[in-house]
Amino acid sequence: MISKVVVEADGGSRGNPGPAGYGAVVRDPDTGDVLAERQDGLGVATNNVAEYTGLIAGLEAAVELGASTVEARLDSKLVVEQMSGRWKIKNAALQPLALRARELAERFDRVTYTWVPRAKNAHADRLANEAMDAQAEGHKVVRAGTPAATSAAPPKEDRREPAAQRSPQRWTGASGTPTRLLLLRHAQTPLSIDRRYSGAGDVSLTELGLRQAESAAKRIATMDDLGEQPHVVSSPLTRATQTAQKVADALGVSVETHRELRETDFGEWEGLTFDEAALRDPELHRRWLRNASVRPPGGESFDEVHRRVRRAESDVLARYGGGTVVIVSHVTPIKSLLRSALDTGPSLLYRLHLDLASLSVVDLYPDGNASVRLVNDTCHLN
């Protein structure tokens, strides 16, 4: 018997929905020793389903260990906020999973939920990725010598066919009320005039940029199907918030910022042109153009950006699911959102062009389906 444990849980999906898996670790809070591990593939599922299933597996392991108090640590803000009761659970696919997690939580004297950065959830993340890798190879993970090697089976709801396959309502197979994302790239800045890498550096719009933002705002304000109360969520960088404020003013709403929607940190390439960066670091620059896991010197990789943007997407869906959200951001985050909606790999990042103040539109359905309705439209700038 053990009184208190820490549960670290994670889940992932390569496609959202796509091949998915989860991982969970139970630790002694005083020594950090691993008391149990759980991991398994889930077939095809969404990120959020996988994250919830990881939490369930971790709580089940804690029950088996006889723990009375649990601190659950996850890098999914959505799961943490929903399980803490601060956010509503609008996604029908997540409701039975949350119910199962709450049923398990009732077996303990106390359960708390803590958000941690992904870097501090590396063990559970590794288990989830191992499970997805093993699933892709057609076998289960075997972890000899671990304290608890049996994998917790996910709830029955996860084993069923996706709702869209059970009762398709349209030719896309999507069902439910979608969340409409209007993806707006910020307008012109001094760095964009010369096509310089502009990432974490904070620059303002030019005079032309301000006019471009106003034109985009007018376009969005006159669009059909905006819903009763559209929301505006922006990168915290000034060029994005200036663009977002024009949109918010046109819609009569306020701007909310989300840190995870900021542009890629280009590190030592910040402010350089393409040719200058290629001349400075020729081999690294070539690899960076081919491999999304490669980082610029002192910066972050496109894979890292993609993961944080997916977290931002989950937060937006949890808060405003079923409504319309204008997301004002940058090239890489918007490409990442389109990549997710199109269910494609990182090659899209290198093949898709997005103009300044361009608009793209995506409908995300609660069953995991998506419909990309518009990409890189700039008719409002003519």
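Rules of the game
Residues numbered from 1 in each chain as written. Predicted model: local features only at pLDDT ≥ 70, side-chain atom pairs only at ≥ 80, totals over all residues. Heavy atoms only, no water. Helix = DSSP H or I, 4+ residues; strand = E, 2+ residues; numbered from the N terminus. Expected span 1.5 Å × (residues − 1). Buried < 20%, exposed > 50% of the residue type's maximum accessible area, 1.4 Å probe, protein only. Contact = heavy atoms within 4.5 Å. Pairing = 2+ DSSP bridges. Patch = residues over 30% accessible without salt bridge, like charges linked within 9 Å, V, L, I, M, F, W, Y side chains within 5 Å. Areas by Shrake-Rupley, 256 points an atom, 1.4 Å probe, with all protein chains shown as cover. Salt bridge = Lys/Arg side-chain N within 4 Å of Asp/Glu carboxyl O. Axes fitted to C-alpha atoms, helices over the stretch in contact; angles between N-to-C directions.

Some points on helix α13 (residues 331–342)
Thought 1: In a regular helix each residue adds 1.5 Å, so 12 residues correspond to 16 Å; α13 covers 16 Å between its end C-alpha atoms and thus fits that length.
Thought 2: For α13, the buried fraction is high: 11 of the 12 residues fall into the buried class.
Thought 3: Taken together, the buried positions of α13 are Val331, Thr332, Pro333, Ile334, Lys335, Ser336, Leu337, Leu338, Arg339, Ser340 and Ala341.
Thought 4: Contacts made by the buried residues of α13 are with β6 (179–185), α12 (302–320), β9 (324–329), α14 (348–351), β10 (359–364) and β11 (370–377).
Thought 5: Positive backbone phi, approximately 55 degrees, marks aspartate 343, located one or two places after α13.

What to know about the pairing of β6
Thought 1: Here β6 lies mainly inside the structure; seven of its seven residues are buried.
Thought 2: Burial along β6 is two-sided: the residues Thr179, Leu181, Leu183 and Arg185 and Arg180, Leu182 and Leu184 are all buried.
Thought 3: Where β6 meets β10, six bridges bridge the pair, whose relative direction is antiparallel. From the neighbouring strand, leucine 183 faces β10, where its bridge partner is serine 360.
Thought 4: Strand direction decides the pairing type here: β6 and β9, joined by six bridges, are parallel. The partner of leucine 182 across the bridge, within β9, is valine 326.

Notes on a nonpolar patch on the surface
Thought 1: On the surface, Phe274, Leu289 and Tyr350 cluster together into a nonpolar patch covering about 240 Å² of accessible area.
Thought 2: Note that phenylalanine 274 resides in helix α10 (residues 274–280).

Overview of the sheet that holds strand β8 (residues 255–257)
Thought 1: In space, the six strands of this open sheet follow the order β8-β7-β9-β6-β10-β11, with mixed pairing throughout. Either end of the sheet is taken by a strand with one partner, and the two such strands are β8 and β11. Ignoring which end each strand starts from, the neighbouring axes of this sheet average 20 degrees apart.
Thought 2: Against the sheet, helix α9 (residues 238–251) makes contact with β6, β7 (231–234), β8 and β9, and its axis sits at roughly 175 degrees relative to β7, the strand it touches most.

Describing the pattern of salt bridges
One side chain can pair with another of opposite charge once the charged atoms of both are near each other.
Thought 1: Scanning the model with the defined rule gives 25 salt bridges in all.
Thought 2: Between arginine 86 and glutamate 81 there is a salt bridge, with its nearest N and O atoms 2.7 Å apart.
Thought 3: Put simply, arginine 373 and aspartate 363 hold a salt bridge, and the shortest N to O gap is 3.5 Å. Residue arginine 373 is located in strand β11, and its partner aspartate 363 is located in strand β10; the two are separated by 10 residues in the primary sequence.
Thought 4: Shared partners join several salt bridges into a network, and the residues in it are Asp10, Asp75, Arg118 and Asp125.

With respect to the pairing of β9
Thought 1: With six of its six residues buried, β9 lies for the most part within the structure.
Thought 2: Sheet analysis places β7 next to β9, joined by four bridges and oriented parallel. Residue pairing in the sheet places histidine 231 in a bridge with valine 325 of β9.

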